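Tertiary structure, described
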Amino acid sequence: EAINSFKKVLEIDKNKESARYHLARMFVRSKAYSDAIEHFEKTNYGLSKSHHLECLYYLGNKDKFYNHYRELIKSNIVNPLMASIGSHASIRFNLSNNENPFCSDPFNYINKQNITNNNELNEDLISSILNFHKSGESDPKSQPLLSNGKQSSGNIFLHQREDIQLLKKILEKKIDNYLKEYSTSNEGFIKNWPKNYKIYGWLVSINTGGNLAPHIHKEGWLSGSLYFKMPSNISKDEGNIVFSFDGANYPTDGMKFDKKSIDVNKGDLVLFPSSLFHYTVPFKSTEERVTFAFDIIPQK
(Lines give C-alpha, C1' and ligand atoms only; values in the text may rest on other atoms or scores of the structure.)
Protein backbone atom coordinates (compact mmCIF):
# COMPACT_ATOMS: atom_id res chain seq x y z
CA GLU A 1 0.00 0.00 0.00
CA ALA A 2 2.84 2.39 0.82
CA ILE A 3 4.56 1.62 -2.50
CA ASN A 4 1.35 2.29 -4.44
CA SER A 5 0.76 5.53 -2.55
CA PHE A 6 4.26 6.87 -3.25
CA LYS A 7 3.94 5.88 -6.92
CA LYS A 8 0.71 7.89 -7.16
CA VAL A 9 2.40 10.92 -5.59
CA LEU A 10 5.16 10.72 -8.23
CA GLU A 11 2.57 10.44 -11.01
CA ILE A 12 1.19 13.77 -9.81
CA ASP A 13 4.59 15.37 -9.16
CA LYS A 14 7.69 13.55 -10.40
CA ASN A 15 9.88 16.12 -8.61
CA LYS A 16 8.57 15.21 -5.16
CA GLU A 17 11.92 14.01 -3.79
CA SER A 18 10.68 12.88 -0.39
CA ALA A 19 8.14 10.56 -2.04
CA ARG A 20 10.81 9.12 -4.35
CA TYR A 21 13.15 8.57 -1.40
CA HIS A 22 10.53 6.78 0.71
CA LEU A 23 9.38 4.72 -2.28
CA ALA A 24 12.98 3.54 -2.69
CA ARG A 25 13.14 2.74 1.04
CA MET A 26 9.99 0.59 0.65
CA PHE A 27 11.66 -1.28 -2.21
CA VAL A 28 14.67 -1.95 0.06
CA ARG A 29 12.35 -3.40 2.70
CA SER A 30 10.85 -5.60 -0.03
CA LYS A 31 14.38 -6.64 -1.09
CA ALA A 32 13.74 -5.19 -4.54
CA TYR A 33 17.20 -3.60 -4.57
CA SER A 34 17.45 -2.86 -8.30
CA ASP A 35 14.10 -1.02 -8.18
CA ALA A 36 15.32 0.92 -5.14
CA ILE A 37 18.55 1.94 -6.91
CA GLU A 38 16.55 3.32 -9.85
CA HIS A 39 14.90 5.83 -7.52
CA PHE A 40 17.85 6.54 -5.21
CA GLU A 41 19.81 7.58 -8.33
CA LYS A 42 17.22 10.26 -9.11
CA THR A 43 17.31 12.10 -5.77
CA ASN A 44 19.71 13.64 -3.28
CA TYR A 45 17.07 13.57 -0.55
CA GLY A 46 18.15 12.35 2.91
CA LEU A 47 20.66 9.50 2.87
CA SER A 48 19.72 8.45 -0.67
CA LYS A 49 23.30 8.07 -1.94
CA SER A 50 24.30 5.95 1.06
CA HIS A 51 21.18 3.80 0.70
CA HIS A 52 22.14 3.37 -2.97
CA LEU A 53 25.50 2.07 -1.72
CA GLU A 54 23.68 -0.30 0.63
CA CYS A 55 21.62 -1.73 -2.26
CA LEU A 56 24.76 -2.37 -4.30
CA TYR A 57 26.21 -4.13 -1.26
CA TYR A 58 23.16 -6.38 -0.89
CA LEU A 59 23.37 -7.23 -4.61
CA GLY A 60 26.99 -8.32 -4.15
CA ASN A 61 28.62 -6.48 -7.05
CA LYS A 62 31.98 -5.67 -5.45
CA ASP A 63 33.30 -3.43 -8.26
CA LYS A 64 30.13 -1.33 -8.54
CA PHE A 65 29.97 -1.12 -4.75
CA TYR A 66 33.52 0.20 -4.36
CA ASN A 67 33.18 2.60 -7.30
CA HIS A 68 30.15 4.14 -5.60
CA TYR A 69 31.85 4.07 -2.18
CA ARG A 70 34.81 6.03 -3.57
CA GLU A 71 32.43 8.49 -5.25
CA LEU A 72 30.78 9.17 -1.89
CA ILE A 73 34.14 9.81 -0.23
CA LYS A 74 35.21 12.10 -3.10
CA SER A 75 31.93 14.02 -2.74
CA ASN A 76 32.45 14.38 1.04
CA ILE A 77 29.30 12.38 1.76
CA VAL A 78 30.13 11.03 5.19
CA ASN A 79 27.60 9.52 7.58
CA PRO A 80 27.20 6.49 9.87
CA LEU A 81 25.36 4.43 7.25
CA MET A 82 28.06 4.53 4.58
CA ALA A 83 30.72 4.09 7.29
CA SER A 84 29.00 1.04 8.73
CA ILE A 85 28.74 -0.58 5.28
CA GLY A 86 32.39 0.27 4.59
CA SER A 87 33.52 -1.39 7.83
CA HIS A 88 31.42 -4.47 7.10
CA ALA A 89 32.77 -4.69 3.54
CA SER A 90 36.41 -4.49 4.69
CA ILE A 91 35.86 -7.64 6.76
CA ARG A 92 33.63 -9.43 4.25
CA PHE A 93 36.12 -8.84 1.41
CA ASN A 94 39.18 -9.23 3.69
CA LEU A 95 40.65 -5.80 2.96
CA SER A 96 43.19 -4.59 5.53
CA ASN A 97 43.42 -0.96 4.38
CA ASN A 98 39.85 -0.06 3.48
CA GLU A 99 39.31 3.71 3.78
CA ASN A 100 36.63 4.80 6.23
CA PRO A 101 36.13 8.58 6.39
CA PHE A 102 33.82 8.42 9.44
CA CYS A 103 35.51 6.05 11.89
CA SER A 104 37.93 3.29 10.93
CA ASP A 105 38.29 1.85 14.46
CA PRO A 106 35.02 2.53 16.31
CA PHE A 107 35.69 -0.04 19.08
CA ASN A 108 38.36 2.36 20.38
CA TYR A 109 35.76 5.11 20.74
CA ILE A 110 33.34 3.28 23.02
CA ASN A 111 33.37 5.22 26.28
CA LYS A 112 31.74 3.93 29.48
CA GLN A 113 31.44 5.83 32.75
CA ASN A 114 29.13 5.81 35.73
CA ILE A 115 27.60 9.28 36.16
CA THR A 116 26.07 8.73 39.61
CA ASN A 117 29.47 8.84 41.31
CA ASN A 118 29.69 12.65 41.46
CA ASN A 119 25.97 13.01 42.05
CA GLU A 120 25.53 14.21 38.45
CA LEU A 121 22.65 11.78 38.01
CA ASN A 122 20.77 11.21 41.26
CA GLU A 123 18.07 8.78 42.31
CA ASP A 124 15.36 11.43 42.39
CA LEU A 125 15.96 12.37 38.77
CA ILE A 126 15.99 8.71 37.66
CA SER A 127 12.77 7.97 39.58
CA SER A 128 11.02 11.05 38.19
CA ILE A 129 11.77 10.11 34.56
CA LEU A 130 10.90 6.44 35.16
CA ASN A 131 7.52 7.50 36.59
CA PHE A 132 6.97 9.71 33.55
CA HIS A 133 7.55 6.69 31.30
CA LYS A 134 5.52 4.29 33.44
CA SER A 135 2.54 6.69 33.51
CA GLY A 136 2.23 6.45 29.73
CA GLU A 137 2.92 10.17 29.29
CA SER A 138 5.94 9.30 27.12
CA ASP A 139 3.50 7.54 24.74
CA PRO A 140 5.33 4.18 24.71
CA LYS A 141 4.99 2.09 21.55
CA SER A 142 6.35 -1.10 20.04
CA GLN A 143 8.89 -1.01 17.22
CA PRO A 144 10.16 -3.71 14.81
CA LEU A 145 13.67 -4.10 16.29
CA LEU A 146 12.40 -4.42 19.86
CA SER A 147 10.94 -7.64 21.23
CA ASN A 148 9.00 -7.76 24.51
CA GLY A 149 9.55 -4.09 25.15
CA LYS A 150 8.34 -0.54 24.55
CA GLN A 151 9.90 2.68 23.31
CA SER A 152 8.78 6.25 23.98
CA SER A 153 7.48 8.21 20.98
CA GLY A 154 9.28 11.07 19.26
CA ASN A 155 12.06 13.18 20.75
CA ILE A 156 11.62 13.13 24.51
CA PHE A 157 13.56 16.39 24.84
CA LEU A 158 10.60 18.24 23.29
CA HIS A 159 8.89 17.77 26.66
CA GLN A 160 9.52 20.90 28.71
CA ARG A 161 9.45 19.03 32.03
CA GLU A 162 12.11 20.13 34.50
CA ASP A 163 13.49 16.59 34.93
CA ILE A 164 13.85 16.01 31.18
CA GLN A 165 15.57 19.36 30.61
CA LEU A 166 17.93 18.75 33.55
CA LEU A 167 18.90 15.38 32.05
CA LYS A 168 19.53 17.09 28.72
CA LYS A 169 22.01 19.50 30.35
CA ILE A 170 23.83 16.59 32.01
CA LEU A 171 24.14 14.72 28.71
CA GLU A 172 25.23 17.79 26.75
CA LYS A 173 28.08 18.24 29.24
CA LYS A 174 29.08 14.58 28.82
CA ILE A 175 29.04 14.94 25.03
CA ASP A 176 31.33 18.00 25.30
CA ASN A 177 33.69 16.03 27.55
CA TYR A 178 33.74 13.15 25.06
CA LEU A 179 34.79 15.49 22.27
CA LYS A 180 37.54 16.99 24.46
CA GLU A 181 38.83 13.54 25.42
CA TYR A 182 39.25 12.50 21.78
CA SER A 183 40.06 15.96 20.37
CA THR A 184 43.48 14.88 19.01
CA SER A 185 42.00 11.96 17.06
CA ASN A 186 42.27 11.87 13.27
CA GLU A 187 39.02 9.93 12.88
CA GLY A 188 36.54 11.72 10.62
CA PHE A 189 33.69 11.84 13.10
CA ILE A 190 35.93 13.77 15.52
CA LYS A 191 37.67 16.01 12.96
CA ASN A 192 34.34 16.83 11.28
CA TRP A 193 32.32 17.12 14.48
CA PRO A 194 29.09 18.96 13.57
CA LYS A 195 29.11 22.65 14.44
CA ASN A 196 25.35 22.50 14.95
CA TYR A 197 23.44 19.52 16.22
CA LYS A 198 20.33 18.56 18.08
CA ILE A 199 20.13 15.91 20.77
CA TYR A 200 17.33 13.41 20.22
CA GLY A 201 16.38 11.11 23.09
CA TRP A 202 13.99 8.25 23.86
CA LEU A 203 13.32 5.68 26.57
CA VAL A 204 13.47 1.92 25.98
CA SER A 205 12.01 -0.56 28.45
CA ILE A 206 12.58 -4.31 27.98
CA ASN A 207 10.95 -7.14 29.91
CA THR A 208 11.85 -10.81 30.52
CA GLY A 209 13.34 -12.48 27.46
CA GLY A 210 13.16 -9.32 25.38
CA ASN A 211 15.93 -7.73 23.40
CA LEU A 212 16.86 -5.08 20.86
CA ALA A 213 18.13 -6.48 17.53
CA PRO A 214 21.40 -5.31 15.90
CA HIS A 215 21.11 -1.84 14.36
CA ILE A 216 22.94 1.44 13.84
CA HIS A 217 21.73 5.03 14.23
CA LYS A 218 22.24 6.17 10.64
CA GLU A 219 20.85 9.67 11.22
CA GLY A 220 23.14 10.25 14.20
CA TRP A 221 26.81 11.05 14.72
CA LEU A 222 27.48 10.09 18.32
CA SER A 223 25.04 7.81 20.17
CA GLY A 224 24.56 7.04 23.83
CA SER A 225 22.83 4.72 26.28
CA LEU A 226 22.20 5.71 29.89
CA TYR A 227 21.01 2.91 32.17
CA PHE A 228 18.16 3.84 34.51
CA LYS A 229 17.17 0.37 35.62
CA MET A 230 18.92 -3.00 35.30
CA PRO A 231 17.52 -6.39 36.35
CA SER A 232 19.27 -8.12 39.25
CA ASN A 233 20.14 -11.81 39.53
CA ILE A 234 21.25 -12.09 35.94
CA SER A 235 23.89 -14.39 34.44
CA LYS A 236 27.05 -13.30 32.63
CA ASP A 237 26.31 -11.04 29.63
CA GLU A 238 22.53 -11.00 30.25
CA GLY A 239 21.18 -7.48 29.70
CA ASN A 240 24.50 -6.26 28.28
CA ILE A 241 24.94 -4.05 25.25
CA VAL A 242 27.01 -5.74 22.53
CA PHE A 243 28.85 -3.90 19.74
CA SER A 244 29.69 -5.48 16.40
CA PHE A 245 30.57 -4.70 12.78
CA ASP A 246 27.82 -7.06 11.60
CA GLY A 247 24.08 -6.47 11.26
CA ALA A 248 21.20 -5.50 8.93
CA ASN A 249 21.39 -8.97 7.36
CA TYR A 250 24.38 -7.86 5.29
CA PRO A 251 25.99 -10.80 3.43
CA THR A 252 29.01 -12.12 5.35
CA ASP A 253 30.39 -14.69 2.87
CA GLY A 254 31.23 -16.82 5.91
CA MET A 255 33.62 -14.29 7.46
CA LYS A 256 33.82 -13.83 11.23
CA PHE A 257 32.98 -10.42 12.70
CA ASP A 258 34.40 -9.22 16.01
CA LYS A 259 32.03 -8.18 18.77
CA LYS A 260 32.45 -6.54 22.15
CA SER A 261 30.10 -7.05 25.10
CA ILE A 262 29.92 -4.22 27.64
CA ASP A 263 28.81 -4.93 31.22
CA VAL A 264 26.35 -2.23 32.20
CA ASN A 265 24.88 -1.24 35.54
CA LYS A 266 22.46 1.40 36.77
CA GLY A 267 23.92 4.86 36.23
CA ASP A 268 26.33 3.79 33.48
CA LEU A 269 26.58 6.00 30.41
CA VAL A 270 27.96 4.44 27.22
CA LEU A 271 28.89 6.75 24.33
CA PHE A 272 29.89 5.39 20.90
CA PRO A 273 30.11 6.32 17.19
CA SER A 274 26.69 5.99 15.56
CA SER A 275 28.15 3.74 12.83
CA LEU A 276 28.58 0.81 15.23
CA PHE A 277 26.02 -1.99 15.17
CA HIS A 278 24.76 -2.74 18.66
CA TYR A 279 22.19 -4.99 20.28
CA THR A 280 21.11 -6.21 23.71
CA VAL A 281 21.42 -9.66 25.26
CA PRO A 282 18.10 -11.18 26.47
CA PHE A 283 17.74 -11.81 30.21
CA LYS A 284 15.62 -14.21 32.29
CA SER A 285 14.96 -11.90 35.25
CA THR A 286 11.37 -10.75 35.80
CA GLU A 287 12.64 -7.22 36.49
CA GLU A 288 12.56 -4.51 33.83
CA ARG A 289 15.56 -3.07 31.99
CA VAL A 290 15.13 0.66 31.20
CA THR A 291 17.56 2.66 29.08
CA PHE A 292 17.62 6.30 28.06
CA ALA A 293 19.01 6.29 24.49
CA PHE A 294 20.02 9.37 22.53
CA ASP A 295 21.80 10.62 19.41
CA ILE A 296 23.46 13.84 18.49
CA ILE A 297 22.13 14.59 15.01
CA PRO A 298 23.95 17.07 12.73
CA GLN A 299 21.93 20.12 11.67
CA LYS A 300 22.72 22.22 8.61
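Please refer to the structure placed before this passage.
Residues numbered from 1 in each chain as written. Predicted model: local features only at pLDDT ≥ 70, side-chain atom pairs only at ≥ 80, totals over all residues. Heavy atoms only, no water.

We now examine the pattern of salt bridges. Under the counting rule described, the total for this entry stands at 9 salt bridges. A salt bridge links E38 to K42; the nearest nitrogen and oxygen atoms lie 3.9 Å apart. Salt-bridge contacts for E123 lead to K266; the nearest nitrogen and oxygen are separated by 2.9 Å. Of this pair, E123 sits in helix α7 (residues 123-134) while K266 sits in the loop between β6 (259-262) and β7 (268-273), and the two are 143 residues apart along the sequence. For E123, a relative accessible area of 44% corresponds to the partly exposed category. Salt bridges here are not isolated pairs; linked through shared partners, they connect E137, R161 and D163. (Salt bridge = Lys/Arg side-chain N within 4 Å of Asp/Glu carboxyl O. Helix = DSSP H or I, 4+ residues; strand = E, 2+ residues; numbered from the N terminus. Buried < 20%, exposed > 50% of the residue type's maximum accessible area, 1.4 Å probe, protein only.)

What follows covers the packing of helix α2 (residues 17-29) against helix α3 (residues 33-40). For the pair α2 and α3, the least separation of the axes is 8 Å and the interaxial angle reads 165°. By the criterion of interaxial angle, the relationship of α2 to α3 is roughly antiparallel. Crossing geometry of α2 relative to α3 is assigned as left-handed. The segment α2 lies against α3, with R20, Y21, L23, A24, R25, F27 and V28 engaging Y33, D35, A36, H39 and F40. Residue composition of the contact of α2 with α3, grouped by class: 8 nonpolar, 1 polar and 3 charged. (Axes fitted to C-alpha atoms, helices over the stretch in contact; angles between N-to-C directions. Parallel < 35°, antiparallel > 145°, perpendicular 65-115°, else oblique. Left-handed = near helix turned anticlockwise from the far one by under 90°. Contact = heavy atoms within 4.5 Å. Nonpolar A, V, L, I, M, F, W, Y, C, P; charged D, E, K, R; others polar.)

It is worth spelling out the sheet that holds strand β5 (residues 241-244) at this point. If you trace the 3 strands from one edge of the open sheet to the other, you get β6-β5-β8, paired in antiparallel fashion. Both edges of this open sheet fall to β6 and β8 (277-280), since each of them pairs with a single strand only. For this sheet the average axis-to-axis angle between neighbouring strands, irrespective of direction, equals 25°. Relative to β8, β5 runs antiparallel, the two being bridged by 4 bridges. Across the sheet, S244 pairs through a bridge with F277, a residue of β8. (Pairing = 2+ DSSP bridges.)

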